[in-house]
Amino acid sequence: MKFKTLPLAAALTLYAAAAWAAPLTIEECLTAAMENNPDLVAAKESVSAERATVGQAAAGGRPQLSAGSSYSRGGSGLSGANNSGNYSSNIGLEQSISDWGRRDVSIRRARLSTEAASADYRSTVETVIQDVYEAYYGLNRAAREHAVEQTRFDNFEKRLKWAQAYYEVGTKPKIEVTKAEADLAASKLAIVRTQSSMEQYRAELANAMGIPLMEITEVVDILDYQEWGIALDEAVERAMNERPELIAKQKRVDSARSNVTLQMKGLSPSLSASAGYTASGSSPFSDSEWTTKFSLSVPLSDGGLTRGKVEEAEALLRAAEAEMKSLSNSVTLEVRKAWEALRESKEALVSSLEAERSAKATLELAQGRYAAGVGDNLEISDAVDSYATASSNTVLALYGCKTAQLDLEKAMGGLRYE
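The rules behind the values
- Residues numbered from 1 in each chain as written.
- Predicted model: local features only at pLDDT ≥ 70, side-chain atom pairs only at ≥ 80, totals over all residues.
- Heavy atoms only, no water.
- Helix = DSSP H or I, 4+ residues; strand = E, 2+ residues; numbered from the N terminus.
- Buried < 20%, exposed > 50% of the residue type's maximum accessible area, 1.4 Å probe, protein only.
- Contact = heavy atoms within 4.5 Å.
- Arc of directions from axis to C-beta.
- Salt bridge = Lys/Arg side-chain N within 4 Å of Asp/Glu carboxyl O.
- Phe/Tyr/Trp six-rings, centres within 6.5 Å; stacked < 30°, edge-to-face > 60°.
- Core = buried A, V, L, I, M, F, W, Y, C linked by side-chain atoms within 4.5 Å.
- Polar contact = N/O pair within 3.5 Å; in protein donor to acceptor, adjacent residues only side chain to side chain.
- Patch = residues over 30% accessible without salt bridge, like charges linked within 9 Å, V, L, I, M, F, W, Y side chains within 5 Å.
- Areas by Shrake-Rupley, 256 points an atom, 1.4 Å probe, with all protein chains shown as cover.
- Axes fitted to C-alpha atoms, helices over the stretch in contact; angles between N-to-C directions.
- Parallel < 35°, antiparallel > 145°, perpendicular 65-115°, else oblique.
- Left-handed = near helix turned anticlockwise from the far one by under 90°.
- Nonpolar A, V, L, I, M, F, W, Y, C, P; charged D, E, K, R; others polar.
- pLDDT = per-residue confidence, 0-100.

**Comments concerning the overall build of the protein chain**
Okay, so step 1: For the protein chain, the count of helices and strands is nine helices and six strands.
Okay, so step 2: If you line up the protein chain on its principal axes, its C-alpha atoms span 130 × 60 × 40 Å.
Okay, so step 3: Counting all 418 residues of the protein chain, 39% fall into the buried class.
Okay, so step 4: Restricting the contact set of the protein chain to residue pairs at least 6 apart, pairs at least 24 apart contribute 82%.

**Describing helix α6 (residues 232-242)**
Okay, so step 1: Taken as a whole, α6 has its buried residues at A235, V236 and A239. Buried positions in α6, seen along its axis, are confined to an arc of 95° and lie on one side of it. Looking at α6, the residues exposed on the side facing more than 90 degrees away from the buried face are D233, E237 and N241.
Okay, so step 2: At its buried positions, α6 is contacted by α7 (244-264), α8 (305-371) and α9 (377-412).

**Considerations on the pattern of salt bridges**
Side chains that differ in sign of charge can pair as their charged atoms come close.
Okay, so step 1: Enumeration according to the criterion identifies 25 salt bridges in this entry.
Okay, so step 2: K346 is the salt-bridge partner of E227, the closest N and O atoms lying 3.4 Å from each other. Separated by 119 residues along the polypeptide, E227 in the loop between β4 (215-216) and α6 and K346 in helix α8 bring together distant segments of the chain.
Okay, so step 3: For E227, a relative accessible area of 62% puts it in the exposed group.
Okay, so step 4: Overall, the relative accessible area of 22% leaves K346 in the partly exposed class.
Okay, so step 5: Notably, a salt bridge pairs R369 with E379, separated by 3.0 Å at the nearest N-O pair. Within this pair, whereas R369 is found in helix α8, its partner E379 is found in helix α9, the two being separated by 10 residues in sequence.
Okay, so step 6: With relative accessibility at 34%, the residue R369 sits in the partly exposed group.

**Quick look at the packing of aromatic side chains**
Okay, so step 1: One pass over the full model with this rule turns up two aromatic pairs.
Okay, so step 2: Relative to Y87, the ring of Y71 has its centre 4.6 Å away and its plane inclined at 45°; by these criteria the two rings are tilted. Placement of the pair is Y71 in strand β2 (residues 64-76) and Y87 in strand β3 (residues 82-98), with a sequence separation of 16 residues.
Okay, so step 3: Among the residues examined, Y71 registers a relative accessible area of 43% and is labelled partly exposed.
Okay, so step 4: Taking the centre distance of 5.3 Å and the plane angle of 50° together, the rings of Y133 and Y137 count as tilted.

**Let's talk about the environment of A135**
Okay, so step 1: Tracing the sequence through the fold places A135 in helix α4 (residues 102-169).
Okay, so step 2: Between the C-alpha atom of A135 and that of R73, which follows or precedes it by 62 residues, the distance is 75 Å.
Okay, so step 3: With sequence-adjacent residues up to four places away left out, A135 is seen in contact with Y201, E204 and L205.

**Re the nonpolar core**
Okay, so step 1: Membership of the largest hydrophobic core comes to 40 residues, with the highest contact counts inside it found for M34, I129, V132, L205 and I216.
Okay, so step 2: Those elements giving two or more residues to this core turn out to be α2 (26-36), α4, α5 (174-208) and α9.
Okay, so step 3: Among the elements that make up this core, the one with the highest residue count is α4 (11 residues).
Okay, so step 4: Here V132 is in contact with I26, C29, L30, A33, L205 and A208, once residues within four sequence places are set aside.

**What to know about the side chain of S392**
Okay, so step 1: Looking at the element boundaries, S392 is found in helix α9.
Okay, so step 2: S392 gets classed as buried once you look at its relative accessible area, which sits at 15%.
Okay, so step 3: Other than its neighbours up to four places away in sequence, S392 contacts V148 and E149.

**What to know about the side chain of T114**
Okay, so step 1: Here T114 shows up in helix α4.
Okay, so step 2: For T114, a relative accessible area of 10% corresponds to the buried category.
Okay, so step 3: A polar atom in the side chain of T114 sits 3.0 Å from the backbone oxygen of A110.
Okay, so step 4: The residues contacting T114, other than those within four sequence positions of it, are V47, E50, R51 and V54.

**Brief notes about a nonpolar patch on the surface**
Okay, so step 1: Judged by side-chain polarity, L65, I91, L93, Y277 and W290 come together as a nonpolar surface patch covering roughly 570 Å² of accessible area.
Okay, so step 2: Among the secondary structure elements, Y277 is positioned in strand β5 (residues 270-281).

**Describing the packing of α4 against α5**
Okay, so step 1: Interhelical geometry of α4 versus α5 gives an angle of 165° and a closest axis separation of 8 Å. Judged by the angle between their axes, α4 and α5 are roughly antiparallel. Once α4 is placed against α5, the crossing between them reads as left-handed.
Okay, so step 2: Classifying every residue of the contact of α4 with α5 gives 21 nonpolar, eight polar and 15 charged.

**Here's the deal with the packing of α4 against α9**
Packed helix pairs are specified by the crossing angle of their axes together with the interaxial distance, meaning the distance between the axes.
Okay, so step 1: At their nearest, the axes of α4 and α9 sit 10 Å apart, and the two run at 170° to each other. The angle between the axes of α4 and α9 places the two elements in the roughly antiparallel class.

**What to know about unusual backbone geometry**
Okay, so step 1: In this structure, W100 is a non-glycine residue whose phi angle is positive, near 60°.
Okay, so step 2: Relative to the assigned elements, W100 resides in the loop between β3 and α4.

**Observations regarding the environment of S326**
Okay, so step 1: Here S326 is to be found in helix α8.
Okay, so step 2: Judged by its relative accessible area of 41%, S326 falls in the partly exposed class.
Okay, so step 3: In this structure the C-alpha to C-alpha distance between S326 and A313, which are 13 residues apart in sequence, comes to 20 Å.

**Considerations on the confidence of the model for the protein chain**
Okay, so step 1: Per-residue confidence for the protein chain averages 87 on the pLDDT scale, and 91% of its residues sit at or above 70.
Okay, so step 2: Confidence drops under a pLDDT of 50 for residues 4-20, and excluding neighbours within four residues, the segment shows 27 contacts in the predicted structure.

Have a look at this one:
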């Protein structure tokens, strides 16, 4: 799923008000989440921090300039009659000429870490998108379930009126009225429960958007089924190429491999040049001198430190490669399970729709019979309950299709926000 950012003014209007009267669209919810969710802010700052390490790694290859100045005064004897002052100022420039590739490797590692952090940020974006969608679908589901229970209530209320009318003319016993009243009371409780469920999903949606106190009254219903499918092999292949967790892990494997190279250069020579100018004396700049210097450092032995660091780096590389393989296996399993869940959800929806059509026809027949005075209490009660149950199952099946598709797209790394 890909989404385009709404204009900033529209986004600000969305969450500036305490209550949003118009039905919220999923795009508006995602825009607000991208602007306000604190997890995204934290992930974005992590990328910025990693990006700064690239400059730190490159700093050693740039000119290093320093300057200083001092003044001292001293004398002899308690009276301090013989005293003098001394001034000193200096400026120096140092430039690394070569460290035999150590700096280049460090820069590459820093860039790989930044790319891994960017992939982690994308993973966080996908998680936020999934959270918003799940809460949004949940609210759609709760609203539909509320409508189902309202329909159940209306049907029981209609039956109660019929029972009362028949009782008054003496064609039905009192128990018909009593049973109808009990069913109506029970349906009221079901309505209260669905209202509570709607409030919970409203709170979840507001929290996923990063505005936990936002009052949401209504959202656009997008729970209707839309055909969507992908071959399992293609789904797995897409996950291997696009899943941000795999991309981040591969970057860290590459970084670990670069670290092996870096540690192998522990005994490499280094060449640098420096120049300086110093002015000193009893008065400012009364005496001065300048210097230039080339320095070549060749480590001969470090007591096995480099060898130990290389062995450590190689072990960390092997561990990172094993973790990469484990993650790849986990992602493959996740995709297969999500793909199978979507297939099952589609089949469940077909069965639910057929059961709902049958239950509706049975209810209409039972209502007609009861209205004509030939049906009984049990028949119409069962028909009302069966239709409500079948309708609820259809809502659950639609919700299952939506969430299964969402899970599969997340497993493939296909949730995007642009």
